[in-house]
Amino acid sequence: MRAMSFAPLRNDTFLKACLRQATPHTPLWLMRQAGRYLPEYRATRARAGSFMGLATNPQYATEVTLQPLERYDLDAAILFSDILTVPDAMGLGLTFAEGEGPRFAHPLRDEAAVAALQVPDLEKLRYVFDAVTSIRHALQGRVPLIGFSGSPWTLACYMVEGAGSSDDWRRAKSFMYTRPDLMHRILDINARSVAAYLNAQIEAGAQAVMVFDSWGGALSDGAFQAFSLDYTRQVLSQLKREHDGAVIPRIVFTKGGGLWLKAMEQLDCDVLGVDWTVNLAQARALVGGSKALQGNLDPAVLFASPEAVAAEARRVLDDFGTPHTGAGTGPTQVFNLGHGISQHTPPDNVSALVDAVHAHSKRMRLEAPQRG
């Protein structure tokens, strides 16, 4: 792809924190920060006619990506898209039914379907890369842009189940136990596909990339390492480390993965995301010497009063403790929710969260002993 010219970055706090460098405040962004809790998002989605009409149109995707930044002083933008665009490009036939979530017309249920699976032609995902470039230009250097993908295991869960989310991932896990050879083939193809997809996002303008291992925590110990962690590692091994002279931070988030933080420390990534069940002080003691941590406010806190939201934000910051404040590198935090923001969240409560995180994290730094 040809080199593109983008405006200089004016707020690099997020990127610095990802690389464990000192920052003036703890940077903040929210998983699903562009979404149904915002009335302006709902209006744009109505104009688009459907979720896929929104996600596949670079103009609409740009519009909704920037909407939360117009309301809140966030430190990063994240591409508006969906993790299931990759299996859709593989020919599984993705649709989103109102009130039902995603559905595949051709789920992977037998050996023939798995044998036919191939790494997709990335041109089928051109709308994603065009959206990345469009968003970078529209941001005008305000904040960095995060690209993302589902992990190989998380994508496989949806590809085998065929519809929506699941309480137990019965089909996917049964497939894993009865035909591990077929599941490993799916995961290998997914890993190669995800790596190519993220690299193309980087080439299009993404300044950091995130792997959402949303369902890694559904696996047992042992199965997690074999069917999730190993394939996330495979993705990371194929990713571009730099682009246009800039380091591209990599973030890995495994929901329910707190048990395996020490194992995940060995991943070739810069940031480990943690959900709200993880004690941040303990996580910092385990992996803070080599990884930044991202998280981990319970999204349900945002249903409380603004005062309670601010208090919980301060508690999460205090749990992590004062980040690295000197030269070189040290323990750092990127503030986020422990999972995606709920569609029922009052928008004003997000303002209370952002204000509290920035104010309290600045105060923590001012009160910290200064070190060289």
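Look a little higher up for the structure.
As the structure is a computational prediction, the values presented were derived from the model and not from experiment.

Student: Just give me the short version of the overall build of the protein chain, but keep the residues and values in it.
Tutor: Looking only at helices and strands, one finds 15 helices and 11 strands in the protein chain. For 372 residues, the compact-globule formula gives about 21 Å, and the C-alpha radius of gyration of the protein chain, at 20 Å, lands near that figure. With the C-alpha coordinates aligned to their principal axes, the bounding extent of the protein chain is approximately 65 × 45 × 45 Å. Considering the protein chain as a whole, with its 372 residues, one finds that 57% of them fall into the buried category. By sequence separation, contacts in the protein chain at least 24 residues apart represent 73% of the contacts at least 6 residues apart.

Student: Go over the nonpolar core, please, and point to the residues and values.
Tutor: Core analysis: the largest hydrophobic core is formed by 130 residues, its most contacted members being F14, M183, I186 and L353. For this core, the element with the most residues is helix α10 (residues 180–204), which contributes 13 residues. Not counting chain neighbours up to four residues away, the residues in contact with L353 comprise L30, L297, L302, V309, A313, F335 and L337.

Student: Outline the sheet that holds strand β4 (residues 145–150), listing residues and values.
Tutor: Spatially, β1-β4-β5-β8-β9-β10-β11 is the arrangement adopted by the seven strands of the open sheet, whose pairing is parallel. Whereas interior strands pair on both sides, the edge strands pair on one side only; in this sheet they are β1 (77–78) and β11 (333–334).

Student: Residues and numbers for the state of the cysteines, please.
Tutor: Following the criterion strictly, the structure yields zero disulfides and no others. C157 takes part in no disulfide bond, and the closest cysteine sulfur to it belongs to C269, at a distance of 20 Å.

Student: Account for the packing of aromatic side chains, with residues named and values stated.
Tutor: Overall, the coordinates contain eight aromatic pairs when judged by the stated rule. Summarising the aromatic geometry, the rings of F148 and F212 are spaced 5.6 Å apart at their centres and angled 85° between planes, so their arrangement reads as edge-to-face. One end of the pair, F148, is in strand β4; the other, F212, is in strand β5 (residues 208–213), and 64 residues separate them in sequence. Residue F148 shares its accessibility class with F212, and that shared class is buried. Members of the aromatic cluster, joined through ring pairs, are Y41, F51, F80 and F96. The ring of F6 has R136 sitting right over it, with the charged end atom 4.0 Å from the ring centre.

Student: Describe unusual backbone geometry, naming the residues involved and giving the relevant values.
Tutor: The omega angle of the peptide bond from G295 to N296 is 0°, so this bond is cis rather than trans. Relative to the helices and strands, N296 is located in the loop between β10 (292–294) and α14 (306–320). A positive phi angle, near 65°, is found at R32, a position not held by glycine. Positive phi values are uncommon outside glycine, yet Q140 reaches one of about 55°. Its location among the elements puts Q140 in the loop between α7 (126–139) and β4.

Student: Go over the layout of surface pockets with me, naming the residues and quoting the values.
Tutor: When its volume is computed, the largest pocket comes out at roughly 1400 Å³. Elements that contribute at least two residues to the lining of the largest pocket include exactly α2 (39–48), β2 (94–97) and β3 (101–104). A per-element tally of the lining of the largest pocket places α2 first, with four residues. Class assignment for the residues of the lining of the largest pocket results in 19 nonpolar, 12 polar and eight charged.

Student: Talk me through helix α9 (residues 170–178); I want residue IDs and the actual numbers.
Tutor: Restricting attention to buried positions, one finds in α9 the residues A172, F175 and M176. With its buried residues spanning 100° around the axis, α9 presents them on a single face. Of the exposed residues in α9, those oriented more than 90 degrees away from the buried face are R170, Y177 and T178. Buried-residue contacts for α9 involve α6 (111–116), α8 (152–161), α10 and α11 (223–237).

Student: Which residues make up the pairing of strand β8 (residues 250–254), and what are the values?
Tutor: Burial analysis of β8 places five of its five residues in the buried class, the great majority of the element. Alternating residues of β8 divide into R250, V252 and T254 and I251 and F253, and every residue in both groups is buried. Bridging between β5 and β8 involves five bridges; their strand directions are parallel. Counterpart to V211 in the pairing with β8 is V252. The sheet contact formed by β8 and strand β9 (residues 271–273) spans three bridges and is parallel. By the bridge assignment, V252 is partnered in β9 with L272.

Student: I'd like a description of α2, backed by residues and values.
Tutor: The set of residues buried in α2 consists of Y41, T44 and A48. Buried residues in α2, looked at end-on, bunch into an arc of 65°, giving them a common side. Within two residues after α2, G49 carries a phi angle of roughly 95°, on the positive side.

Basis of the calculations
Residues numbered from 1 in each chain as written. Predicted model: local features only at pLDDT ≥ 70, side-chain atom pairs only at ≥ 80, totals over all residues. Heavy atoms only, no water. Helix = DSSP H or I, 4+ residues; strand = E, 2+ residues; numbered from the N terminus. Rg over C-alpha atoms; globule rule 2.2 N^0.38 Å. Buried < 20%, exposed > 50% of the residue type's maximum accessible area, 1.4 Å probe, protein only. Contact = heavy atoms within 4.5 Å. Core = buried A, V, L, I, M, F, W, Y, C linked by side-chain atoms within 4.5 Å. Pairing = 2+ DSSP bridges. Disulfide = S-S within 2.5 Å. Phe/Tyr/Trp six-rings, centres within 6.5 Å; stacked < 30°, edge-to-face > 60°. Lys NZ or Arg CZ within 6 Å of the ring centre and 35° of its normal. 1 Å grid on protein atoms, 1.4 Å probe; cavity = no way out; pocket = protein on both sides within 12 Å on 5 of 7 lines; lining within 4 Å. Points joined across faces, edges and corners; volume = space filled by probe spheres on them. Nonpolar A, V, L, I, M, F, W, Y, C, P; charged D, E, K, R; others polar. Arc of directions from axis to C-beta.

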